[in-house]
Structure formats: C-alpha cells, structure tokens
Amino acid sequence: MKRLLAISVVILTLGLGTAAAQQALQWGAAPLQSPQVNEDGTVTFRYSNPKAIKVQVTGDFLPTQKLEFEMNGQKMTYDAPGTADLKETKPGVWEYTTPFKVPSEMYNYTFVVDGTSQIDPLNMWVNRDVASLSSVLLVGGGVADDYFIHAVPHGTVSKVWYHSVAEGIDRRLTVYTPAGYETSPKVKYPVVYILHGIGGDEDAWVTQGRATQILDNLIASGKAKPMIAVFTNGNISQEAAPLENSMGYNVPTMSLPKTMEGSFESAFPEIVSFIDSRYRTVAKPASRAICGLSMGGFHSLYISANYPDMFSYVGLFSAAVGVSDASVSPIYQDRGAKLSKLFSRKPMYFIACGNTDFLFQANKDYMAELDKAGYPYEFMETDGGHIWRNWRKYLDAFLPKLFK
C-alpha cells in the first residue's frame, strides 16, 4: 500500500509538472526565440536575464577584428570574431538584430554577459571546438545549403577502432560509407582521408565541418562520386576524442605531445591498410585522396610526399606549411626530392587559403616553391582567415574533383 501511495505521488507530481509546462506554453507569454532568421535576411538574437547589466554577442557572422599573437618568435595577426551589444528591449529581455542581411553560412557565436562568455540558452544546437563551446547559426539560401540535411539518400557514419602497432594502443576513426554501401556488396569504393587541425580530433570534421552532410548532398546531386571518407585523429598519443577514451574527464587542449614531429605521418600507412582490409575499397593510388586543414594540411603534405605511391589526390586547406623542423624527424627532410617523386606521378594537387589567414604568406611561399619546380596545382583563394567557414568551402570544392 505504501508503495502504491508513493507511486501515486510520483505520478501526480509528474502530472502537475507537465500540466504546469503546458499551461506556460498555452496561456503564458510566447517563448523567446534565438536565433531568429528574419524574412529580410537579418538575424535577431535574444537573451533573458533580469540581473544582467551588459550583454553582447560575438561570432563569425559579424565583421572581424584584428588580434595579435606570437608564433616562432614572430608577431602575427588573425581575424577574430566581432562583437555587438544587445539592448534591453523590456525588463530582463535583451535583443540584437543585425543591421545587414546575413549571408548563407554556418556560424558560431556566444553571448558575453557581464564579461562572462556563455552559450545561447535558447539555442539547443552547440558545437565543441577543442575546449570551447559555441552556439550555432545556420543560414540557408546559398553556400550553406550543402550543410543542411536534405531529403536525399544518406550515408552511414561509424565510430571504428583499430589497433595502432606504432603506438601500441587501440585508436578510433570516424568512417563514412555512402548510401547504398550496405546494399551493394559487390561494389568497391574510392577513399578520401580527411584530417583535422591542431586541438581537433576524429569528430571535428563531422560536427564543425558538416562533412557528412556535404558528402551526402554532393553525391546525391551527382557532383561527387560515391566514396568512403575516413576522419582520423591526428593526435597519435590519444586513443580517441575527449570522453571517448580511457582518460576520463580530461580537458581538451591544443598542447598535446607527438602532433607535428613525424609520428602520425610515419604511422599513417597502418590506417590505410586497416581501411583496405575492413572495407570494400579500390586499393589503388588513383582511388585514394588525402586532405586536411591547418595541422591536417601539414600532415597531408608530408604523408603524400613520403608515400608518393599512396595518393593521387592531395588537398591542403590553410595548411600549416613552413612550421616543420627538418631536424625533428626524417619525415620532414629532403622535401624537394620527395615532392619530385610525388609530382612525377601527376597528382591532382589542391591548395586553398583565406587571404587574411595568418598562414596565407606561408602558403604563398610554398606555392612559389612548387612554381619554381614547375609542379602543377590548383589554388583557391577566399576572403577571411583561419576559420571553419573557409574549410567547409574548401572541402565542398575539393570533393567534386576526386576520382575522375
């Protein structure tokens, strides 16, 4: 009887809670919406806090501001997200509407409330970049249409573990197989390896980069060939992304060991061998591509140069070229001779960088090196700096060029 009474109390409590929620929805004030894309293309952000004194929004949808940092003893500038003030339109409710139409794109933003950064509590869509969380704004009607989920056949995304002989640990990959892979057991597919930047992991391109949506939409439209995509973890000392490994609640950081000293590049063939043994791949150079952003572009450069018979397609997105020290590892030595062997196989070589990226000049210098040697490549220059907005565009442009 006591048990039945307790259960009845719980049910009654839940019922009252649900009723209260419904009452708030039906008879209370209309819930706030943030962000809100308006009919004229502007975007309104809202925040509710009666105790707040000053509220700002900062994000890459706003005009950028220049900030300085130091790298290798040199002062460099980069484009940082702009900031705008929200106004208290009624007690406790703060608003900001952009004075311009926001172009189609996927943006990250946060609020700064009395000096403290926080995500938008009215927006359930949140992304992690290294150890920072930000709210997401997705505006369609243009370039970002490939980032949306459309009514097209979808591929399968799997988290797959392999044993790294080089490191003596199990490590995780994210693998995308195109729509129809499971139902066409006799078909073999080409493979693109997509590498993240420093501080990222095997989840970065899937969340921040919208890579699986890009693949689905390009393949469905016939712009890209059906392919397998492998997203690696370039931090070879790690098993997997934060909270997906045996380290527990370790705080994500960009200061990880063994990221750009040759270990990842040296061990990369074991990933290729694993994928070729586990999946139905066309295990030939003409059916393999590699690309990456920033550190991943750096890795792609040296992996393709050191294994010239492994890849026929190479993509460097805002690549961190010019930061290697040849004395650190043989992987970074004799680059000229290695590139000669690679380009003798006539790869499709694609370079992309924003013209305000702090690595823009380093990429220009690298292209001058290729020009001097007479090596052909494609170059895509965009506005903007070292940001996901550019890297998504580069992937969207690179994938249709593959496996022709």
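Please refer to the structure higher up on the page.
A brief structural summary. Predicted, not measured: the structure shown is a model, and the values here were computed from it.

Cut-offs used in this document
Residues numbered from 1 in each chain as written. Predicted model: local features only at pLDDT ≥ 70, side-chain atom pairs only at ≥ 80, totals over all residues. Heavy atoms only, no water. Helix = DSSP H or I, 4+ residues; strand = E, 2+ residues; numbered from the N terminus. Buried < 20%, exposed > 50% of the residue type's maximum accessible area, 1.4 Å probe, protein only. Contact = heavy atoms within 4.5 Å. Areas by Shrake-Rupley, 256 points an atom, 1.4 Å probe, with all protein chains shown as cover. Salt bridge = Lys/Arg side-chain N within 4 Å of Asp/Glu carboxyl O. 1 Å grid on protein atoms, 1.4 Å probe; cavity = no way out; pocket = protein on both sides within 12 Å on 5 of 7 lines; lining within 4 Å. Points joined across faces, edges and corners; volume = space filled by probe spheres on them. Nonpolar A, V, L, I, M, F, W, Y, C, P; charged D, E, K, R; others polar. Axes fitted to C-alpha atoms, helices over the stretch in contact; angles between N-to-C directions. Parallel < 35°, antiparallel > 145°, perpendicular 65-115°, else oblique. Left-handed = near helix turned anticlockwise from the far one by under 90°. Pairing = 2+ DSSP bridges. Phe/Tyr/Trp six-rings, centres within 6.5 Å; stacked < 30°, edge-to-face > 60°. Core = buried A, V, L, I, M, F, W, Y, C linked by side-chain atoms within 4.5 Å. Polar contact = N/O pair within 3.5 Å; in protein donor to acceptor, adjacent residues only side chain to side chain.

### Describing the overall build of the protein
Item 1. Check the secondary structure of the protein and you find 8 helices and 20 strands.
Item 2. The burial tally for the protein puts 50% of its 404 residues in the buried class.
Item 3. In the protein, of all internal contacts separated by at least 6 residues, the share reaching a separation of at least 24 is 73%.
Item 4. Approximately 19400 Å² of the protein is accessible, and the part contributed by carbon and sulfur atoms is 56%.

### A word on the pattern of salt bridges
Item 1. Scanning the entire structure with this criterion turns up 11 salt bridges.
Item 2. We note a salt bridge from R172 to E202, for which the minimum N-O separation is 2.7 Å. On the criterion of sequence distance, the pair formed by R172 in strand β14 (residues 169-177) and E202 in the loop between β15 (191-195) and α2 (204-207) is long-range, its members being 30 residues apart.
Item 3. Under the relative-accessibility criterion, R172 is labelled buried at 4%.
Item 4. Among the salt bridges present, the one from R172 reaches D203, with a minimum N-O distance of 3.3 Å. Of this pair, R172 sits in strand β14 while D203 sits in the loop between β15 and α2; the two residues are 31 residues apart in sequence, bridging distant segments of the chain. Neither residue differs from the other here; R172 and D203 are each classed as buried.
Item 5. Residues joined by salt bridges that share partners form a network here, namely K159, R172, E202, D203 and E244.

### Focus on empty space enclosed by the protein
Item 1. Under the criterion given, the structure shown has 1 cavity of 30 Å³ or more.
Item 2. Forming the boundary of the largest cavity are F148, I149, H150, V152, H154, Q213, D216 and N217.
Item 3. In the lining of the largest cavity, the residues fall into 3 nonpolar, 4 polar and 1 charged.

### Some words on the packing of helix α5 (residues 295-306) against helix α6 (residues 335-343)
Item 1. Contact pair α5 / α6: the axes reach a minimum separation of 8 Å and the direction vectors enclose 70°. Overall, the two elements α5 and α6 adopt an arrangement that is roughly perpendicular. Here α5 and α6 pass one another in a crossing that is left-handed. Where α5 approaches α6, its residues L301, Y302, S304, A305 and N306 are matched on the opposing element by R335, K338, L339 and L342.

### What to know about the sheet that holds strand β13 (residues 156-164)
Two pairing modes exist for strands in a sheet, parallel and antiparallel, and in both the strands are linked by backbone hydrogen bonds.
Item 1. Here 8 strands make up an open sheet; going across it, the order is β13-β14-β16-β15-β17-β18-β19-β20 and the pairing mixed. Each end of this open sheet is capped by a strand with a single partner; those strands are β13 and β20 (378-382). For this sheet, the mean angle separating the axes of adjacent strands, direction not counted, is 20°.
Item 2. Here β15 pairs with strand β17 (residues 288-293) via 5 bridges, running parallel. Each residue of the ladder has a partner; that of V192, found in β17, is A289.
Item 3. Sitting on the sheet, helix α4 (residues 263-278) is in contact with β13, β14, β15, β16 (228-231) and β17, with an inclination near 120° to β13.

### A word on the packing of aromatic side chains
Item 1. The full count for this structure, using the stated rule, is 25 aromatic pairs.
Item 2. With a centroid separation of 4.9 Å and 70° between ring planes, the pair formed by F45 and Y109 is classed as edge-to-face. In this pair, F45 sits in strand β2 (residues 43-48) while Y109 sits in strand β9 (residues 105-113), placing the two residues 64 residues apart along the sequence.
Item 3. The class of Y109 is buried, set by a relative accessible area of 1%.
Item 4. Summarising the aromatic geometry, the rings of F298 and Y332 are spaced 5.3 Å apart at their centres and angled 55° between planes, so their arrangement reads as tilted.

### A closer look at the nonpolar core
Item 1. By size, the foremost hydrophobic cluster in this structure holds 47 residues, and its most contacted members are Y193, F268, I275, L339, Y349 and Y366.
Item 2. Among the elements that make up this core, the one with the highest residue count is α4 (7 residues).
Item 3. With 36 residues, the next largest nonpolar core counts A224, F231, C291 and Y394 among its residues.

### Regarding the environment of Y332
Item 1. You can see Y332 is positioned in the loop between β18 (313-317) and α6.
Item 2. The exposure class assigned to Y332 is buried, which follows from its relative accessible area of 4%.
Item 3. Remark: the alpha-carbon pair of Y332 and G262, spanning 70 residues in sequence, is separated by 7.4 Å.
Item 4. Beyond its immediate chain neighbours, meaning those up to four positions away, Y332 contacts M260, E261, G262, E265, F298, Y302, S324, D325, A326 and K338.
Item 5. A polar contact is formed between the side chain of Y332 and the side chain of E265, at a distance of 2.7 Å.

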